[in-house]
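Each chain, letter by letter, is given below.
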Amino acid sequence: MAITMEQIKSLRGRTGAGVVDVKKALDEANGDDAKALEILKKRGHDKAIKKADRDASEGIIGQYVHSNGKIGVLVKLLCETDFVARNEEFVSLSRDIAMHIAAMDPECLRSEDVSNEKVLKEREIWTEQLKNEGKKEEIIQNILLGKEKKFRNERALLSQFFIKNPEMTVEQIITEKISRMGENIQVGDFIRYEL
């Protein structure tokens with residue numbers, strides 16, 4: 001199937017990938033936009049993994065104050081260079097992450113950072129509920145693993161579904177930006193204030 005310039009422009013506009021990368025993905029997908037998009041996303045994720053070890057010591061403090069003036073967030077978003085830190089797309093990402101934090105109130109950055117004490121308290125409640133439902137012990141253990149994973153993911157910023165695109169997690173949004181901007185991007189820290 002012949003690849004048109006319109007296809008290349010459209011896919012490039014949606015992904016930020018280079019013309020050559022878009023053309024290769026479309027060739028590999030036999031002109032199917034959806035398949036080409038998946039190929040580019042996978043390659044973008046691969047790029048993000050390669051960039052994860054690079055030092056991210058530049059960045060900005062993103063901020064968001066809710067319209068009622070009662071919720072405010074500061075987020076430290078890191079990148080590799082001052083050039084990217086001043087890029088409007090990077091600044092916009094910091095604002096979007098700060099707004100997400102204001103709305104979703106995460107407790108920590110990563111799911112493994114969720115307090116084990118809280119998880120143990122919840123496990124006790126879940127175990128009691130499942131026993132009351134008459135579940136067998138081996139089934140209870142499997143259910144508890146799933147409940148714990150969900151509990152941790154809902155409380156950690158990077159594993160929460162992004163409020164502006166609920167089909168992707170915050171970490172996936174950052175990974176997408178890494179592939180577009182070509183630099184390692186990390187959330188350094190955040191703080192949320194509420195009256």
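Preceding this paragraph is the structure being described.
We now turn to the structure provided with this report.

The rules behind each value
Residues numbered from 1 in each chain as written. Predicted model: local features only at pLDDT ≥ 70, side-chain atom pairs only at ≥ 80, totals over all residues. Heavy atoms only, no water. Helix = DSSP H or I, 4+ residues; strand = E, 2+ residues; numbered from the N terminus. Phe/Tyr/Trp six-rings, centres within 6.5 Å; stacked < 30°, edge-to-face > 60°. Buried < 20%, exposed > 50% of the residue type's maximum accessible area, 1.4 Å probe, protein only. Pairing = 2+ DSSP bridges. Core = buried A, V, L, I, M, F, W, Y, C linked by side-chain atoms within 4.5 Å. Contact = heavy atoms within 4.5 Å. Axes fitted to C-alpha atoms, helices over the stretch in contact; angles between N-to-C directions. Parallel < 35°, antiparallel > 145°, perpendicular 65-115°, else oblique. Nonpolar A, V, L, I, M, F, W, Y, C, P; charged D, E, K, R; others polar.

Okay, unusual backbone geometry next. Phi is positive for N30, close to 55°, though the residue is something other than glycine. Tracing the backbone shows N30 in the loop between α2 (19–28) and α3 (33–51). For D105, which is not glycine, the phi dihedral falls at a positive 50°. Considering the arrangement of structural elements, one finds D105 in the loop between α5 (88–104) and α6 (116–132).

All chains considered together, the criterion is met by one aromatic pair. Judged by centre distance (5.8 Å) and plane angle (75°), the ring pair of W126 and F151 falls under edge-to-face. You can see W126 sitting in helix α6 and its partner F151 sitting in helix α7 (residues 137–155), a full 25 residues away along the chain. You'll find W126 and F151 in the same group, each marked buried.

This next bit is on the pairing of strand β1 (residues 58–65). With eight bridges joining them, β1 and strand β2 (residues 71–79) adopt antiparallel strand pairing. Within the sheet, the bridge partner assigned to Q63 lies in β2 and is L74. As consecutive antiparallel partners, β1 and β2 are separated by five residues, and within that stretch G69 has a phi angle of approximately 70°, a positive value.

Take the nonpolar core next. Judged by nonpolar contacts, the single largest core of 26 residues is most densely connected at F90, I97, L157, I174, I185 and V187. Among the elements of the structure, β2, α4 (82–85), α5, α8 (170–181) and β5 (186–194) are those that each provide at least two residues to this core. Ignoring sequence-local partners within four residues, the contact set of V187 consists of V75, K76, L77, I97, L109, L157, L158 and I174. The next biggest cluster of nonpolar side chains, apart from the first, holds eleven residues, and it includes L26, A29, L37 and L40.

Here α5 crosses α8 at 180°, and the two axes come no closer than 12 Å. When the axes of α5 and α8 are compared, the pair comes out roughly antiparallel. Across the interface between the two elements, E89, F90, L93, I97 and H100 of α5 pack against V170, I173, I174, K177, R180 and M181 of α8. When its residues are assigned to classes, the contact of α5 with α8 shows seven nonpolar, one polar and three charged.

Without other data, these values stay purely geometric and don't point to any function.
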